[in-house]
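Structural characterization, general
Single-letter residue listing:
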Amino acid sequence: MMEFTQADVLSVLGTGIKTLVILVGAVLMAALMIPIERRLLGLWQDRYGPNRVGPFGSLQVVADMIKIFFKEDWIPPFADKAVFVVAPAIIMLTSLLAFAVIPFTPTWTVANLNVGVLFLLAMSSLGVYSVIFAGWASDNKYALIGAMRTAAQMISYEVFMGLSLLGVVLLAGSFNLGDIVESQRGLWNVIPQFPAFVIFFIAGCAEIHRAPFDLPEAEQELTAGYHTEYSGMKFGMFFVGEYLGIVLISCLVTVLFFGGWLGPVLPGFVWFFLKAFFFMCFFILLRASTVRPRYDQLMAFGWKILLPIAIVNVAITGAIVVATS
Amino acid sequence: MKNAAQTAFSATSSVLRTIGMTFMHSFRKRETVLYPEEKPYLPPRYRGRIVLTRDPDGAERCVACNLCSVSCPVDCISVVKGEDETGRWYPESFRINFSRCIYCGFCEDACPTYAIQLTPDFEMGEFNRQNMVYEKSDLTISGVGKRPGYNFYRVAGMAVGGKDKGEAENEAKPVNIKTLLP
Ligand code: SF4
Ligand code: SF4
């Protein structure tokens, strides 16, 4: 029989509270991204966006949520019911699980895993199941085409994403995200690992299928891609899942390349938030400005350009690390 | 090799330039007209709510000829003819169903007396569909609308209301068909 000391109980409680705060914070941030995105897109398209509900239209998302909760949650009779229901849950689950290893401040991580980077990659790879399940279970040609594209896109971009991170891992000598942040005390990784940063950002974009890599849900050709048949809160979950992805990738870029919580004067969390928020806005700017490539161009760009650069980057970084140690 | 490098460079710079240009739009003026607070300017000939105007003397212009009603492509005007003691026609009832009207302006074109006119007012929302049916009293305004100074009976060669043939503006005396003199 194990004995629980008071300290054990307290630490479990503390972790539980931290988990809750981070979960709620991540979901809230993802939900907030919706009005922010709409307002920013408006700004960059010389219009206003929603500005009526609440101060600066910030309560628009609340109104939309209420609306979406009362929508009919319809499952098409030809759909594979069980898989259809499970699919949106998976994307939320994997995105939220990935938040567990992100160090927001030195003390605020849920799981201080020593293989944090690998865990992240695993979680983002699992996310692809959600899309494939959704496309398959919908039994709809557009959904299926969207799902196929996602599968190909995510699996190939996963490769460069992992490879681009290897440089960072080599520099830090650890897979632990907290150690990676600490290793950037002198110099943020974005400077020595600039190609890796660019590749990671592009691959991250493709991973969460945001514009310009939103081929899976290309509205103009595939209606809405893999979630064509979804309605009500299930559609909402896909939507929030996508925004969770943006928040996640922004946090990751901050942690891996921009020194996480490191920064002068202001407390660590504020720095983390500011950096991550900058990248979230940058994702929106990308959506406002770039065009969607053709499917074969996307693949060619990945395998013929990003992959060689990533490999060369890893090789050179490895050589330098070996030479200097 | 050189070509590939050039392509890569121009492609990258064009993407970066696009992003930069989009970002510079943050400092541009926004095109949106914030509608309920800020009314947009509508030209006087805008086709909105329909009114029945009066002539400069303050009498109704409409002569209940029903031309607007037949020209209306959606059949939303209903006119009932009336006649006063001098033989002048007037609409006993004039009804427009605005929930059907498509604001095409054909009625205005068809009207020989410039009685029916479209105005630049489009804020006609109602919660009850029945309220979209406008009666003559709702349609009639006290002014002359877009045609100041026009009075159909003053220029028409019809004997009505104390005005005889040949007494209208620019109208010659009626020809005496019983004589050969010019
Ligand atoms: S505007 Fe057109 S549709 Fe409307 S009442 Fe006149 S003729 Fe009919
Ligand atoms: S509004 Fe004009 S067209 Fe219509 S009945 Fe009256 S006079 Fe005739």
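Residues numbered from 1 in each chain as written. Chains lettered and ligands numbered in written order. Predicted model: local features only at pLDDT ≥ 70, side-chain atom pairs only at ≥ 80, totals over all residues. Heavy atoms only, no water.

Time to look at the overall build of chain B. What chain B contains, in helices and strands, is five helices and five strands. The order of α-helices and β-strands along chain B, N terminus first, is α-β-α-β-β-α-β-β-α-α. For 182 residues, the compact-globule formula gives about 16 Å, and the C-alpha radius of gyration of chain B, at 28 Å, lies well above that figure. Considered along the principal axes of its C-alpha atoms, chain B spans approximately 105 × 50 × 30 Å. For chain B, with 182 residues in total, the buried portion stands at 27%. Each charge class in chain B was averaged separately, 24 positive and 22 negative side chains, and the resulting centres sit 10 Å apart. (Helix = DSSP H or I, 4+ residues; strand = E, 2+ residues; numbered from the N terminus. Rg over C-alpha atoms; globule rule 2.2 N^0.38 Å. Buried < 20%, exposed > 50% of the residue type's maximum accessible area, 1.4 Å probe, protein only. Lys, Arg positive; Asp, Glu negative; His and termini not counted. Charge placed at Lys NZ, Arg CZ, Asp CG, Glu CD.)

Residues and elements named next belong to chain B. Taken together, three strands build an open sheet; the order of strands is 2-3-5 and the sheet is antiparallel. At either margin of the open sheet sits one strand with a lone partner, and together these are strand 2 (77-83) and strand 5 (133-134). Of the strand pairs in this sheet, strand 2 and strand 3 (residues 89-97) are connected by seven bridges, and their pairing is antiparallel. Looking at the pairing, Gly82 lines up with Tyr90 of strand 3. (Pairing = 2+ DSSP bridges.)

Residues and elements named next belong to chain A. Running from amino to carboxyl end, helix 4 (residues 116-138) crosses helix 5 (residues 141-172) at an angle of 175°, the nearest separation of the two axes being 8 Å. As judged from the angle between their axes, helix 4 and helix 5 are roughly antiparallel. Contacts from Val117, Leu121, Ser124, Ser125, Gly127, Val128, Val131, Ile132, Gly135, Trp136 and Ser138 of helix 4 reach helix 5 at Ala143, Leu144, Ala147, Thr150, Ala151, Met154, Glu158, Met161, Gly162, Leu165 and Val169. Considering only residue class, the contact of helix 4 with helix 5 consists of 14 nonpolar, seven polar and one charged. (Axes fitted to C-alpha atoms, helices over the stretch in contact; angles between N-to-C directions. Parallel < 35°, antiparallel > 145°, perpendicular 65-115°, else oblique. Contact = heavy atoms within 4.5 Å. Nonpolar A, V, L, I, M, F, W, Y, C, P; charged D, E, K, R; others polar.)

The full set of residues close to ligand 2 is Cys62, Val63, Ala64, Cys65, Asn66, Leu67, Cys68, Phe94, Cys111, Pro112, Thr113 and Ile116 of chain B. For the shell around ligand 2, the per-class residue count stands at 10 nonpolar, two polar and no charged. (Near = heavy atom within 4 Å.)

Residue and element names in this part refer to chain B. Turning to its location among the elements, Met158 is positioned in the segment after helix 5 (152-155). Among the residues examined, Met158 registers a relative accessible area of 37% and is labelled partly exposed. Sequence separation between Met158 and Arg88 is 70 residues; the distance between their C-alpha atoms is 9.7 Å. Discounting residues that sit within four places of it in the chain, Met158 has contacts with Tyr153, Lys163 and Lys165.

Another point: a nonpolar patch on the surface. Together, Val53, Leu59, Val62, Ile66, Phe69 and Phe70 of chain A make up an exposed nonpolar region whose accessible area comes to about 610 Å². Structurally, Val53 of chain A is set in the loop between helix 1 (6-44) and helix 2 (60-69). (Patch = residues over 30% accessible without salt bridge, like charges linked within 9 Å, V, L, I, M, F, W, Y side chains within 5 Å. Areas by Shrake-Rupley, 256 points an atom, 1.4 Å probe, with all protein chains shown as cover. Salt bridge = Lys/Arg side-chain N within 4 Å of Asp/Glu carboxyl O.)

Residue and element names in this part refer to chain B. Within the secondary structure layout, Val133 lies in strand 5. For the pair Val133 and Thr53, spaced 80 residues apart in sequence, the C-alpha separation works out to 18 Å. Those residues in contact with Val133, other than ones at most four positions away along the chain, are Arg95, Ile96, Asn97 and Asp138.

All names here are of chain A. Direction vectors running N to C along helix 1 and helix 9 (residues 232-257) enclose 100°, while the axes themselves pass 8 Å from each other. Between helix 1 and helix 9, the interaxial angle falls into the category roughly perpendicular. Mapping the contact onto sequence places Ala26, Val27, Met29, Ala30, Met33, Ile34 and Glu37 in helix 1 and Phe239, Val240, Tyr243, Leu244, Ile246 and Val247 in helix 9. A breakdown of the residues in the contact of helix 1 with helix 9 according to their chemical character gives 12 nonpolar, no polar and one charged.

The next subject is the interface of chain B and chain A. In this complex, chain B contributes 15 residues to the contact, which on the side of chain A involves 14 residues. The junction of chain B with chain A conceals about 1,300 Å² of combined surface from both sides, 59% of it contributed by carbon and sulfur atoms. The largest per-residue losses of area from chain B upon contact with chain A belong to Ile19, Thr22 and Arg30 of chain B, which jointly make up 44% of the total buried on that side. Where chain B touches chain A, the interface holds one salt bridge. One can count six residue pairs in polar contact (both at pLDDT 80 or more) joining chain B with chain A. Here the side of chain B that touches chain A is composed, by residue class, of five nonpolar, five polar and five charged. (Buried area = accessible area lost by both parts, 1.4 Å probe. Polar contact = N/O pair within 3.5 Å; in protein donor to acceptor, adjacent residues only side chain to side chain.)

Our next topic: helix 7 (residues 194-207) of chain A. Each full turn of the α-helix corresponds to 3.6 residues, which orients residues three or four apart in the same direction. Residues and elements named next belong to chain A. The first and last C-alpha atoms of helix 7 sit 19 Å apart over 14 residues, in line with the 20 Å expected at 1.5 Å per residue. Of all 14 residues that make up helix 7, 11 are buried, and the element is covered over most of its length. The complete set of buried residues in helix 7 reads Ala196, Phe197, Ile199, Phe200, Phe201, Ile202, Ala203, Gly204, Cys205, Ala206 and Glu207. The elements touched by buried residues of helix 7 are helix 4, helix 5, helix 9, helix 10 (268-289) and helix 11 (295-324). (Expected span 1.5 Å × (residues − 1).)

Turning our attention to the confidence of the model for chain B. Overall, the prediction assigns chain B a mean pLDDT of 87, with 99% of residues at 70 or greater. Interface predicted TM-score (ipTM) for the complex: 0.73; the corresponding pTM is 0.76. (pLDDT = per-residue confidence, 0-100.)

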